[in-house]
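# Chain and residue survey
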Amino acid sequence: MVRILLAISSVGAVLVLAAASPPQAQSQQANLIHAEIDGLRNDKGQVLCALFSSAADFPKNGDKAIEHAKSGISHGQAVCEFPGVAPGRYAVSVFHDENSNGKMDTNLVGIPREGVGASNNARGHFGPPKFEAAAFHFSGDRVDLKITIYYL
């Protein structure tokens, strides 16, 4: 964005000044994946989100995610944003880290004790959702996702 400013100098000359917005401010708005998360059973802890570009380790291994985000919780809702994302095919996984320990807590057989969710509200059958079920095409600019957390 360029702003044009007109100023009159002390000798009466009109000065035209142009000021460009910093490139960083523009890139923060461009290519944004914005995920609104609801269904949280309380406002304790935080929501951790991961953006995946392939099925490899989705959603279990967050280390394989290409981006991470976290959010506080207010009135059972949270927002995770991934700025500067290139166009492509992606899936988002989220979980409610109620005790803020930075990891998904599970019971003895591996079933999550904390709420989970994925883009497209994909759900797994006897396990986590598949990448194909959660995947969406991102063409650039901005996409708004709605993800509902569920508790097992």
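Keep in mind it's a predicted model, so treat the numbers as computed, not measured.

### Some points on the environment of Lys146
Checked against the element boundaries, Lys146 lands in strand β10 (residues 142-148). Each C-alpha atom of the pair Lys146 and Val79 lies 9.4 Å from the other, and the pair is 67 residues apart in sequence. The residues touching Lys146, leaving out its near neighbours within four places in the chain, are Glu36 and Asn121.

### Digging into the pairing of strand β6 (residues 78-82)
In the case of a regular strand, side chains alternate between the two sheet surfaces. Taking every second residue as pointing to the same face, the buried face of β6 carries Ala78, Cys80 and Phe82, while none of Val79 and Glu81 on the other face is buried. Examined bridge by bridge, strand β3 (residues 32-38) and β6 share five bridges and lie antiparallel to one another. The partner of Ile37 across the bridge, within β6, is Ala78.

### Considering the side chain of Asn42
Relative to the helices and strands, Asn42 resides in the loop between β3 and β4 (46-52). Polar side-chain contacts of Asn42 include one of 2.7 Å to the side chain of Glu98. Once residues lying within four places of it in the same chain are set aside, the contact partners of Asn42 are Ile73, His96 and Glu98.

### Side note on the layout of surface pockets
Considering only enclosed or pocket space, the largest pocket measures out at about 750 Å³ in volume. In terms of lining, the largest pocket is formed by 31 residues, of which the most central are Pro59, Lys60, Met104, Pro112 and Val116. Elements supplying a minimum of two residues to the lining of the largest pocket: β4, β5 (67-71), β7 (88-97) and β8 (116-118). Here the lining of the largest pocket is composed, by residue class, of 18 nonpolar, nine polar and four charged.

### Comments concerning the nonpolar core
By size, the foremost hydrophobic cluster in this structure holds 22 residues, and its most contacted members are Ile33, Ile37 and Val47. Only β3, β4, β6, β7, β9 (136-138) and β10 provide two or more residues apiece to this core. With sequence-adjacent residues up to four places away left out, Ile33 is seen in contact with Leu51, Cys80, Glu81, Phe82, Val85, Tyr90, Phe136, Phe138, Val143 and Leu145. One finds Ala65, Ala91, Ala122 and Ala134 within the second-largest nonpolar core, a separate group that totals ten residues.

Conventions adopted
Residues numbered from 1 in each chain as written. Predicted model: local features only at pLDDT ≥ 70, side-chain atom pairs only at ≥ 80, totals over all residues. Heavy atoms only, no water. Helix = DSSP H or I, 4+ residues; strand = E, 2+ residues; numbered from the N terminus. Contact = heavy atoms within 4.5 Å. Buried < 20%, exposed > 50% of the residue type's maximum accessible area, 1.4 Å probe, protein only. Pairing = 2+ DSSP bridges. Polar contact = N/O pair within 3.5 Å; in protein donor to acceptor, adjacent residues only side chain to side chain. 1 Å grid on protein atoms, 1.4 Å probe; cavity = no way out; pocket = protein on both sides within 12 Å on 5 of 7 lines; lining within 4 Å. Points joined across faces, edges and corners; volume = space filled by probe spheres on them. Nonpolar A, V, L, I, M, F, W, Y, C, P; charged D, E, K, R; others polar. Core = buried A, V, L, I, M, F, W, Y, C linked by side-chain atoms within 4.5 Å.

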